[in-house]
Amino acid sequence: MSGDAQRVERASEMLRSKLGAETTTALILGSGLGGLADHVADAITIPYRAIPGFPPSSIPGHAARFVAGTLGAKKVIVASGRYHLYEGHSLDTVALPTRVLHACGVRTLFVSNAAGGINRTLRAGDLMIIEDHLNLMSGTPLAGPPREGESRFPDMSAPYDASLIRELREAALECGIAIKSGVYAALVGPAYETPAEIRMLDKLGADAVGMSTVPEVLAARALGMRVAGVSCITNVAAGLSSTPLSHAEVLETTSRVAASFEKLVTAFVRRIG
Ligand code: HPA
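Calculation notes
Residues numbered from 1 in each chain as written. Predicted model: local features only at pLDDT ≥ 70, side-chain atom pairs only at ≥ 80, totals over all residues. Heavy atoms only, no water. Helix = DSSP H or I, 4+ residues; strand = E, 2+ residues; numbered from the N terminus. Rg over C-alpha atoms; globule rule 2.2 N^0.38 Å. Buried < 20%, exposed > 50% of the residue type's maximum accessible area, 1.4 Å probe, protein only. Contact = heavy atoms within 4.5 Å. Lys, Arg positive; Asp, Glu negative; His and termini not counted. Charge placed at Lys NZ, Arg CZ, Asp CG, Glu CD. Near = heavy atom within 4 Å. Polar contact = N/O pair within 3.5 Å; in protein donor to acceptor, adjacent residues only side chain to side chain. Areas by Shrake-Rupley, 256 points an atom, 1.4 Å probe, with all protein chains shown as cover. Phe/Tyr/Trp six-rings, centres within 6.5 Å; stacked < 30°, edge-to-face > 60°. Axes fitted to C-alpha atoms, helices over the stretch in contact; angles between N-to-C directions. Parallel < 35°, antiparallel > 145°, perpendicular 65-115°, else oblique. Left-handed = near helix turned anticlockwise from the far one by under 90°. Nonpolar A, V, L, I, M, F, W, Y, C, P; charged D, E, K, R; others polar.

### Some words on the overall build of the protein chain
Link 1 in the chain: Within the protein chain one finds six helices and nine strands.
Link 2 in the chain: Taken over C-alpha atoms, the radius of gyration comes to 17 Å for the protein chain, in line with the 19 Å a tight globule of 273 residues would show.
Link 3 in the chain: Oriented by its inertia axes, the alpha-carbon framework of the protein chain measures out at about 50 × 40 × 35 Å.
Link 4 in the chain: Counting every position in the protein chain, which comprises 273 residues, the buried fraction comes to 54%.
Link 5 in the chain: Taking the intrachain contacts of the protein chain between residues at least 6 apart in sequence as the baseline, contacts between residues at least 24 apart amount to 83%.
Link 6 in the chain: In the protein chain, 26 side chains carry a positive charge and 26 a negative one; their mean positions are 2 Å apart.

Encoded structure:
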């Protein structure tokens, strides 16, 4: 067993001992979207720093903890905060929470992120269902010797589950939220893109751009998990407005949209049962 597989095993043993019963649905929350964790009832909180093999994470807007409990009367594990390549973490570390969640019984994974809007119809504050993605991170957590339980050549023709996408649309309708949908492109960051890069991404078919999510989705798909995702469009991408981009703007928009996001995800969780 590889060193990383052992790390996954040790961490999931610890998490399972704290959580007790298996939970089949997990939510990974992106920058500024972690407030949903506060709506989890009967919550058990486990900070990442208390889990063996989980390195410290220090991004403003990321709480870095698992919160397990009930949301919309359904049992969930919320991963509030994630690891990013731009922090200098390896792809194995970025995928670690996903692999640990799978080892704890999770089979449905909801992912979310903050993203810049490339498609001209997207505005700051929009929520976008991720229908597909472009991996422009020059790497994958699936490289290396085959891992037990992971497909060597996972099919990626439908990375985001069609029935979960339908449930997200229904949940949005139910909540009166006008939801968009599109393709998410993942770059390493941490610099925001140049206007020329945004024109390139537009030509490649990206509707939104961010610095996360795709490694987790790759690991989840290789493990056979069903995946759904939502991007919170926090800003229009570089070159599409005259305002310079900043992390403060990202957090300002996510806090403005947090209530709708939380309503949508709670309705979605309730629907998928
Ligand atoms: N680019 C990349 N990542 C982002 C952006 C952006 O414009 N906004 C929020 N995360």
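### With respect to the site of the ligand
Link 1 in the chain: Near the ligand you find Ala114, Ala115, Gly116, Tyr192, Glu193, Val209, Gly210, Met211, Thr234, Asn235, Leu245 and Val250, and these make up its full shell.
Link 2 in the chain: The separation between a nitrogen atom of the ligand and a polar side-chain atom of Asn235 is 2.7 Å.
Link 3 in the chain: Out of a free accessible area of 260 Å², the ligand has 96% covered by protein chains.
Link 4 in the chain: It is strand β5 (residues 108-117) that contributes the most residues to the shell around the ligand, three residues altogether.

### Looking at the packing of aromatic side chains
Link 1 in the chain: Under the counting rule described, the total for this entry stands at seven aromatic pairs.
Link 2 in the chain: Centre to centre, the rings of Tyr48 and Tyr83 are 5.7 Å apart; their planes meet at 35 degrees, and the pair counts as tilted. Of this pair, Tyr48 sits in the loop between β2 (41-47) and β3 (65-71) while Tyr83 sits in the loop between β4 (74-80) and α2 (91-103), and the two are 35 residues apart along the sequence. Accessibility assignment for this pair places Tyr48 and Tyr83 in one class, buried.

### Quick word on the packing of helix α3 (residues 162-175) against helix α6 (residues 247-272)
Link 1 in the chain: In contact at an axis separation of 8 Å, α3 and α6 are set at 125 degrees when each is read in the N-to-C sense. Considering their axes alone, α3 and α6 lie oblique with respect to each other. Remark: the crossing between α3 and α6 carries right-handed chirality. Between α3, through Leu164, Glu167, Leu168, Glu170, Ala171, Ala172, Glu174 and Cys175, and α6, the contact on the second element is made entirely by Lys263, Leu264, Ala267, Phe268, Arg270, Arg271 and Ile272.
Link 2 in the chain: Class assignment for the residues of the contact of α3 with α6 results in nine nonpolar, no polar and six charged.

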